[in-house]
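Residue strings, one per chain:
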Amino acid sequence: MTEPLTFRDFAAAIMSNDVTKASTVLETLLGLDAAHATTAAQHFAERMQSGPEFLMKAMGMRQVVEARDEPKLKELLADLFGLEGELRDRASSTVAARFA
């Protein structure tokens, strides 16, 4: 994987069905520990099977981050990765700081 890691690296790992690599990327991108990153990557992989609407949401995350729309970012983190509460809030802060 290239440094710095991006959500493109995550997407490539998911598309290759490599949840282990995808979770490693999420550890960095979302500031999660290994166990939560694995759960988040698995959630994403499962939800991705629901149809193109899900992928459109995922692709829209960049605009949400660039717009600094924290409520929408938290909503996306919950939907895309299954994050709730403190984990969601910490991931939101990590993403906002990393991609500001």
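Predicted model, so just to flag it, every value in this text is computed and none were measured.

Here is what the cut-offs are and how they apply
Residues numbered from 1 in each chain as written. Predicted model: local features only at pLDDT ≥ 70, side-chain atom pairs only at ≥ 80, totals over all residues. Heavy atoms only, no water. Helix = DSSP H or I, 4+ residues; strand = E, 2+ residues; numbered from the N terminus. Buried < 20%, exposed > 50% of the residue type's maximum accessible area, 1.4 Å probe, protein only. Contact = heavy atoms within 4.5 Å. Expected span 1.5 Å × (residues − 1). Arc of directions from axis to C-beta. Polar contact = N/O pair within 3.5 Å; in protein donor to acceptor, adjacent residues only side chain to side chain. Salt bridge = Lys/Arg side-chain N within 4 Å of Asp/Glu carboxyl O.

> In this structure, what is going on with the overall build of the chain? I would like to understand it.
Scanning the chain from terminus to terminus reveals seven helices and zero strands. Walking the chain from its N terminus toward its C terminus, one meets helices and strands in the order α-α-α-α-α-α-α. Taken over the C-alpha atoms alone, the chain extends approximately 30 × 30 × 25 Å along its principal axes. For the chain, buried positions account for 33% of its 100 residues. When contacts within the chain are restricted to residue pairs at least 6 apart in sequence, those whose partners lie at least 24 apart make up 46%.

> Can you walk me through helix α3 (residues 34-48) in this structure?
Every α-helix winds through 3.6 residues per turn, so residues three or four apart in the chain are directed the same way. Helix length check: α3, at 15 residues, gives a terminal C-alpha distance of 21 Å against a target of 21 Å (1.5 Å per residue), a fit within 8%. Burial in α3 covers these residues: Ala-37, Ala-40, Ala-41, Phe-44 and Met-48. Here the buried residues of α3 occupy an arc of 100° about the axis, which is enough to place them on one side. The outward face of α3, more than 90 degrees from its buried face, is lined by the exposed residues Ala-35 and Glu-46. In this fold, the buried residues of α3 make contact with α1 (7-15), α2 (19-30), α4 (52-59) and α6 (70-81). Sitting at the head of α3, Asp-33 places a side-chain oxygen 3.2 Å from the backbone nitrogen of Ala-35.

> How do you make sense of the environment of Arg-68 when you look at a structure like this?
On the secondary structure map, Arg-68 appears in the loop between α5 (61-66) and α6. The exposure class assigned to Arg-68 is exposed, which follows from its relative accessible area of 64%. The spatial distance from the C-alpha of Arg-68 to the C-alpha of Ala-100 is 8.0 Å, given a sequence separation of 32 residues.

> So what exactly am I meant to see when it comes to the pattern of salt bridges here?
Between side chains of opposite charge, a pair can form when the charged atoms approach closely. Scanning all chains against the criterion turns up eight salt bridges. Between Glu-66 and Arg-62 there is a salt bridge, with its nearest N and O atoms 3.1 Å apart. Residue Glu-66 and its partner Arg-62 are both found in helix α5; the two are separated by four residues, about one turn of the helix. There is no split in this pair, since Glu-66 and Arg-62 are both exposed. Among the charged side chains, a salt-bridge network with shared partners connects Glu-70, Lys-74, Arg-88 and Asp-89.

> Which parts of the structure should I look at to understand the environment of Arg-62?
On the accessibility criterion, Arg-62 (59% relative accessible area) is exposed. Through-space distance from the C-alpha of Arg-62 to that of Ala-100 is 11 Å; in sequence the pair is 38 residues apart.

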